[in-house]
Amino acid sequence: MIRRLRIESKLSNLGIVENVVDTITRDAGINKENYGKILVSVMEAVNNAIIHGNKSDEKKFVDIKIILENSSMSVTVEDQGQGFKPTDVPDPTEPENIEKVNGRGVYLMRRLADEIKFNKKGNSVTMTFKHIIS
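Here the structure is a predicted model, which means the values were calculated and not measured. (Residues numbered from 1 in each chain as written. Predicted model: local features only at pLDDT ≥ 70, side-chain atom pairs only at ≥ 80, totals over all residues. Heavy atoms only, no water.)

### A few points about the nonpolar core
Okay, step 1: One finds Val 17, Val 46, Ile 64, Met 73, Val 75, Val 77 and Met 127 to be the most contacted residues of the largest nonpolar core, which totals 30 residues.
Okay, step 2: Contributing elements (two or more residues each) for this core: strand E1 (2-8), helix H1 (14-28), helix H2 (32-53), strand E2 (61-69), strand E3 (72-78), helix H3 (104-112) and strand E5 (124-129).
Okay, step 3: Residues within four places of Met 127 in sequence aside, it is in contact with Ser 41, Val 42, Ala 45, Met 73, Ser 74, Val 75, Val 77, Met 109, Ala 113, Glu 115 and Ile 116. (Core = buried A, V, L, I, M, F, W, Y, C linked by side-chain atoms within 4.5 Å. Buried < 20%, exposed > 50% of the residue type's maximum accessible area, 1.4 Å probe, protein only. Helix = DSSP H or I, 4+ residues; strand = E, 2+ residues; numbered from the N terminus. Contact = heavy atoms within 4.5 Å.)

### A few points about the pairing of E5
For a regular strand, the rule is simple: side chains alternate between the two faces of the sheet.
Okay, step 1: Within E5, five of the six residues are buried, which leaves the element mostly enclosed by the surrounding structure.
Okay, step 2: The pairing of E3 with E5 spans six bridges and is antiparallel. When the bridges of E5 are listed, Met 73 appears paired with Phe 129.
Okay, step 3: Both strand E4 (residues 115-118) and E5 contribute to a ladder of four bridges, which runs antiparallel. Along E5, the bridge assignment pairs Glu 115 with Thr 128.
Okay, step 4: Between the end of E4 and the start of E5, which pair antiparallel, lie five residues, with Gly 122 showing a positive phi angle near 90°. (Pairing = 2+ DSSP bridges.)

### Some remarks on H3
Okay, step 1: Listed as buried for H3 are Gly 105, Val 106 and Met 109. Looking down the long axis of H3, one finds its buried residues gathered within 95° of arc, a one-sided arrangement. (Arc of directions from axis to C-beta.)

### A few points about the sheet that holds E1
Okay, step 1: In space, the five strands of this open sheet follow the order E1-E2-E3-E5-E4, with antiparallel pairing throughout. Edge positions in the sheet fall to E1 and E4, since each has one partner strand and no second. Adjacent strand axes in the sheet meet at a mean angle of 15° when their direction is disregarded.
Okay, step 2: Each of E1, E2 and E3 is contacted by H1, which is oriented at about 165° to E1, the strand it contacts most.
Okay, step 3: Taken strand by strand, H3 contacts E4 and E5, and its axis lies near 135° from that of E4. (Axes fitted to C-alpha atoms, helices over the stretch in contact; angles between N-to-C directions.)

### Regarding the packing of aromatic side chains
The description of an aromatic ring pair uses the distance of the two centres, along with the angle that the planes make with each other.
Okay, step 1: This model, assessed by the stated rule, comprises one aromatic pair.
Okay, step 2: Residues Phe 84 and Phe 118 carry aromatic rings whose centres are separated by 5.5 Å and whose planes lie at 85° to one another, so their mutual orientation is edge-to-face. One end of the pair, Phe 84, is in the loop between E3 and H3; the other, Phe 118, is in strand E4, and 34 residues separate them in sequence.
Okay, step 3: Taking relative accessible area as the criterion, Phe 118 reaches 22% and is therefore assigned partly exposed.
Okay, step 4: The ring of Phe 61 has Arg 6 lying over it, and the distance from NZ or CZ to the ring centre is 4.7 Å. (Phe/Tyr/Trp six-rings, centres within 6.5 Å; stacked < 30°, edge-to-face > 60°. Lys NZ or Arg CZ within 6 Å of the ring centre and 35° of its normal.)

### Observations regarding the pattern of salt bridges
Okay, step 1: Scanning all chains against the criterion turns up six salt bridges.
Okay, step 2: Across the salt bridge formed by Glu 8 and Lys 10, the nearest N and O atoms sit 3.3 Å from each other.
Okay, step 3: Taking the relative accessible area as the measure of exposure, Glu 8 reaches 33% and is therefore partly exposed.
Okay, step 4: On the accessibility criterion, Lys 10 (26% relative accessible area) is partly exposed.
Okay, step 5: Of the charged contacts, one joins Asp 27 and Arg 26 as a salt bridge, the two residues approaching to 3.7 Å between their closest N and O atoms. Like Asp 27, the residue Arg 26 is exposed in the burial classification.
Okay, step 6: Look at the salt bridges and you will find they share partners, linking Glu 115, Lys 117 and Lys 130 into a network. (Salt bridge = Lys/Arg side-chain N within 4 Å of Asp/Glu carboxyl O.)

Here it is in structure tokens:
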């Protein structure tokens, strides 16, 4: 199953993404633990794409592609921004970064997904969740 979604860069569109994730995970029979990992990761990626990637420019879009195959799901979130270097994002668990608000989304995505890959430009992330369907 492949599902594609394009949204304008408005935070109010996060609800649309959440509804799609809810529907896909429910229909696939994904348990609550895996659902939580997927939902938090996807919402963080889309939120980052809207705010940091597209700078909340409503003329720009965020593209989401969800592939459910066998017992795995991959979700790609791509914005129309300049991109960034994921290695430049500071670890929010380091003492000097504890009070900083930036960097937590990427950290969460790395912790919750089984695999995470950014494209070379840094405007697209693909998160893979393995063995999510029993």
